[in-house]
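Listed below, chain by chain, are the residues.
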Amino acid sequence: MKKDVKFIAGMIVMAAVLLLMAGGFWTMVARQAELDRIQERTAQESARKSIVLKSDGELKYRIFLDMASREVFEADIPSEGIYNSRGVLIQGDELLYGDIVRIYGDNELTGEGIPYYPGITRMERVSRADLEEAERYQRIADEVLSSGNKALD
C-alpha cells in the first residue's frame, strides 16, 4: 500500500511537471508569434510604397515614385525576384507601367540627378494602378524631374 501511494504521488508530480512544460512551451510559441507580427508590421510601415513609371517616355528607363513623399528614384529588382501581395516569390517577373510595389530596405537614396535606391532587400507587387491613376502619378514624376528632383508637396 505504501509503495502504491508513492507511485501515485510520483505520477501526479510527473504529470504536473509535464503540464507546466507544455504550458511554458505554448506560451513561448505565442510570444514569438506576436513578436513576428510586430516585426512584420514594422517592416511594412517602413517600406516605400511606390508606383512604377517611365522616364523620357520610355519604359526602358524605369523609375519609381514614392507615393507618400513624392520622391522619384531608380532601383533594381532584387536578384531573387518580385513577390506578389500574398508573399509568394514570382521569379522572372517583370514590373510594368503602373505597378504599385512595396520596397523594403534601408530607405537611403544615393546619387545625383535621379537618385538610386541601392539597399533593396525585398520588393512586393501589391496592386496595379489604372491608366488614369498611373498618368496622374506620371505627371507628378515629370514635374519632380523637371524641378531637379525636389519632392513636391
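Our subject is the structure that appears above.
Residues numbered from 1 in each chain as written. Predicted model: local features only at pLDDT ≥ 70, side-chain atom pairs only at ≥ 80, totals over all residues. Heavy atoms only, no water.

### Quick look at the overall build of the protein chain
Alright, step 1. Helix and strand content of the protein chain: two helices and seven strands.
Alright, step 2. N-terminal to C-terminal, the α/β element order of the protein chain is α-β-β-β-β-β-β-β-α.
Alright, step 3. The burial tally for the protein chain puts 27% of its 153 residues in the buried class.
Alright, step 4. Look at the contacts in the protein chain between residues 6 or more apart in sequence, and 60% of them connect residues 24 or more apart.
Alright, step 5. Counting only carbon and sulfur atoms, one obtains 56% of the accessible surface of the protein chain, whose full area is about 10,300 Å². (Helix = DSSP H or I, 4+ residues; strand = E, 2+ residues; numbered from the N terminus. Buried < 20%, exposed > 50% of the residue type's maximum accessible area, 1.4 Å probe, protein only. Contact = heavy atoms within 4.5 Å. Areas by Shrake-Rupley, 256 points an atom, 1.4 Å probe, with all protein chains shown as cover.)

### Thoughts on a nonpolar patch on the surface
Alright, step 1. A contiguous nonpolar patch, built from Phe7, Ile8, Met11, Ile12, Val13, Met14, Val17, Leu18 and Met21 and spanning about 910 Å² of accessible area, is present on the exposed surface.
Alright, step 2. Tracing the sequence through the fold places Met14 in helix H1 (residues 2-46). (Patch = residues over 30% accessible without salt bridge, like charges linked within 9 Å, V, L, I, M, F, W, Y side chains within 5 Å. Salt bridge = Lys/Arg side-chain N within 4 Å of Asp/Glu carboxyl O.)

### Examining unusual backbone geometry
Alright, step 1. Positive phi values are uncommon outside glycine, yet Arg70 reaches one of about 65°.
Alright, step 2. Looking at where Arg70 falls in the secondary structure, it is placed in the loop between strand E2 (58-66) and strand E3 (72-73).
Alright, step 3. The class for Arg70 is partly exposed, based on a relative accessible area of 21%.

### What about the pattern of salt bridges?
Alright, step 1. Applying the stated criterion across every chain, the model contains eight salt bridges.
Alright, step 2. Residue Glu71 pairs with Arg48 through a salt bridge whose shortest N-O separation is 3.1 Å. With Glu71 in the loop between E2 and E3 and Arg48 in strand E1 (residues 48-55), this pair connects stretches of sequence that are 23 residues apart.
Alright, step 3. Residue Glu71 is classed as partly exposed on the basis of its relative accessible area of 30%.
Alright, step 4. The shortest N-O distance in the salt bridge between Arg125 and Asp93 comes to 2.6 Å. With Arg125 in strand E7 (residues 120-128) and Asp93 in the loop between strand E5 (89-90) and strand E6 (99-105), this residue pair connects regions lying 32 residues apart in the sequence.
Alright, step 5. In this structure Arg125 comes out as buried when scored by relative accessible area, which is 17%.
Alright, step 6. Connected through salt bridges with shared partners, the residues Asp93, Asp99, Arg125 and Arg128 form a single ionic network.

### Notes on the packing of aromatic side chains
Alright, step 1. One pass over the structure, following the stated rule, counts three aromatic pairs.
Alright, step 2. Relative to Trp26, the ring of Phe25 lies with its centre 5.0 Å away and its plane at 75°, an arrangement referred to as edge-to-face.
Alright, step 3. You can call Phe25 partly exposed: its relative accessible area is 41%.
Alright, step 4. Between the aromatic rings of Phe64 and Phe73, the centroid separation amounts to 5.5 Å while the plane-to-plane angle is 15°, which identifies the pairing as stacked. An identical accessibility class is assigned to Phe64 and Phe73; each is buried.
Alright, step 5. Site record: aromatic cluster; members linked through ring pairs are Phe64, Phe73 and Tyr117.
Alright, step 6. Above the plane of the ring of Tyr97 lies Lys54, whose end atom (NZ or CZ) is 4.9 Å from the centre.
Alright, step 7. Stacked on the ring of Tyr137, the Lys or Arg Arg136 has its end atom at 5.1 Å from the ring centre. (Phe/Tyr/Trp six-rings, centres within 6.5 Å; stacked < 30°, edge-to-face > 60°. Lys NZ or Arg CZ within 6 Å of the ring centre and 35° of its normal.)

### Here we look at the nonpolar core
Alright, step 1. Counting 14 residues, the largest nonpolar core has Ile51, Leu53, Leu65, Val72 and Tyr137 as the members making the most contacts within it.
Alright, step 2. Contributing elements (two or more residues each) for this core: E1, E2 and helix H2 (131-146).
Alright, step 3. Counting residues per element, this core draws most heavily on H2, which supplies five residues.
Alright, step 4. Core analysis: the next-biggest nonpolar cluster, separate from the first, contains 11 residues, Phe64, Leu95, Ile103 and Tyr117 among them. (Core = buried A, V, L, I, M, F, W, Y, C linked by side-chain atoms within 4.5 Å.)

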